[in-house]
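Summary of structural features
Residue-level listing of the chains:
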Amino acid sequence: MNVLKGLGVSTVAAAAAFALAVPAAASGAGVQRAISLSSADATYSGSIVVGSGKVKANGTIRDTGFHRGASELWISVTTTEGPFNSAFATVSNGKSYTFATRELTYPGTFVRGKATLCSWKNSGSSSVWSCGSPKSIG
């Protein structure tokens, strides 16, 4: 503690801020993120963790039932080995689904990733697959 006392408050604060920022800046590994997504007919609220060789997610998807069909949470990861996509969880029309932690494993080094919520959207007498805005993970 005496070492920190001699450095001064601003130096210690800067060092603490740097220490907190480094894990988020380093390839996304180990960064847990609370995330909310929406699509034409659903919402997702949960947590996504990018780890070494895997992405884990859990949370709740709520399909409003205003449109026909199910909704899905998609996780897309790009690594040094290429792109990998996975439908993490699906909920039936008009239902709510809370899912425990699920995992997508991938080879190579994580480069970037995104989470997207998609659902069926009424289009006349049929439906079209419609995705909300993706959010970056890691």
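Model, not experiment: these values are computed from the prediction.

**So, the packing of aromatic side chains**
One pass over the structure, following the stated rule, counts four aromatic pairs. An angle of 25 degrees between the planes, with centres 6.1 Å apart, marks the rings of Tyr97 and Phe99 as stacked. Residue Tyr97 is classed as partly exposed on the basis of its relative accessible area of 30%. Between Tyr106 and Phe110, the aromatic rings sit 6.3 Å apart at their centres with planes inclined by 50 degrees, giving tilted as the arrangement. Here Tyr106 and Phe110 have matching classes, each one buried. One aromatic cluster in this structure is built from Tyr44, Tyr97 and Phe99.

**Some points on the pattern of salt bridges**
By the definition in use, this model includes one salt bridge. Between Glu103 and Lys56 there is a salt bridge whose closest N-O contact spans 4.0 Å. Note that Glu103 is positioned in strand E6 (residues 96–105) and Lys56 in strand E3 (residues 54–63), a separation of 47 residues in sequence. Overall, Glu103 belongs to the partly exposed group, its relative accessible area being 44%.

**Regarding the environment of Tyr106**
Here Tyr106 is to be found in the loop between E6 and strand E7 (110–123). Sequence separation of Tyr106 and Lys54 is 52 residues, and the distance between their C-alpha atoms is 5.8 Å.

**Points about the pairing of strand E4 (residues 71–79)**
Every regular strand shows the same layout, with side chains that alternate between the two sheet faces. E4 sits mainly inside the fold: seven of its nine residues count as buried. Counted along the chain from E4 to the antiparallel partner strand E5 (residues 82–91), the turn is two residues long. Two strands pair when backbone bridges link them, and E4 and E7 are joined in this way by nine bridges, in the antiparallel orientation. Bridging from a neighbouring strand, Ser76 pairs with Lys114 of E7.

**Overview of the side chain of His67**
Within the secondary structure layout, His67 lies in the loop between E3 and E4. Residue His67 is classed as buried on the basis of its relative accessible area of 17%. A distance of 2.9 Å separates a polar atom in the side chain of His67 from the backbone nitrogen of Asn122.

**Overview of the confidence of the model for the chain**
Here the chain averages 83 in pLDDT, while 78% of its residues score no lower than 70. This model gives residues 1–27 a pLDDT under 50, and the stretch forms six contacts once residues within four places in sequence are excluded.

**Quick word on the environment of Cys118**
Along the chain, Cys118 turns up in strand E7. By relative accessible area, which is 3% here, Cys118 ends up buried. Residues Cys118 and Ala40 lie 78 residues apart in sequence; the distance between their C-alpha atoms is 7.6 Å. Every residue in contact with Cys118, bar those within four places of it in the chain, is listed here: Ser39, Ser71, Glu72, Trp74, Trp129, Ser130 and Cys131.

**Quick word on the side chain of Asp41**
Inspection of the secondary structure assignment puts Asp41 in the loop between strand E1 (31–38) and strand E2 (42–51). The charged side chain of Asp41 is buried without a salt bridge, its nearest counter-charge being Arg68 at 9.6 Å. Reaching out from Asp41, the side chain makes a polar contact with the side chain of Thr64 at a distance of 2.2 Å. Of note is the side chain of Asp41, whose polar atom sits 3.3 Å from the backbone nitrogen of Gly65. Non-local contacts of Asp41, meaning those with residues more than four positions away in its chain, are made with Arg62, Asp63, Thr64, Gly65, Phe66, His67, Gly69, Ser71, Asn93, Ser119 and Trp120.

Cut-offs applied
Residues numbered from 1 in each chain as written. Predicted model: local features only at pLDDT ≥ 70, side-chain atom pairs only at ≥ 80, totals over all residues. Heavy atoms only, no water. Phe/Tyr/Trp six-rings, centres within 6.5 Å; stacked < 30°, edge-to-face > 60°. Buried < 20%, exposed > 50% of the residue type's maximum accessible area, 1.4 Å probe, protein only. Salt bridge = Lys/Arg side-chain N within 4 Å of Asp/Glu carboxyl O. Helix = DSSP H or I, 4+ residues; strand = E, 2+ residues; numbered from the N terminus. Pairing = 2+ DSSP bridges. Polar contact = N/O pair within 3.5 Å; in protein donor to acceptor, adjacent residues only side chain to side chain. pLDDT = per-residue confidence, 0-100. Contact = heavy atoms within 4.5 Å. Lys, Arg positive; Asp, Glu negative; His and termini not counted.

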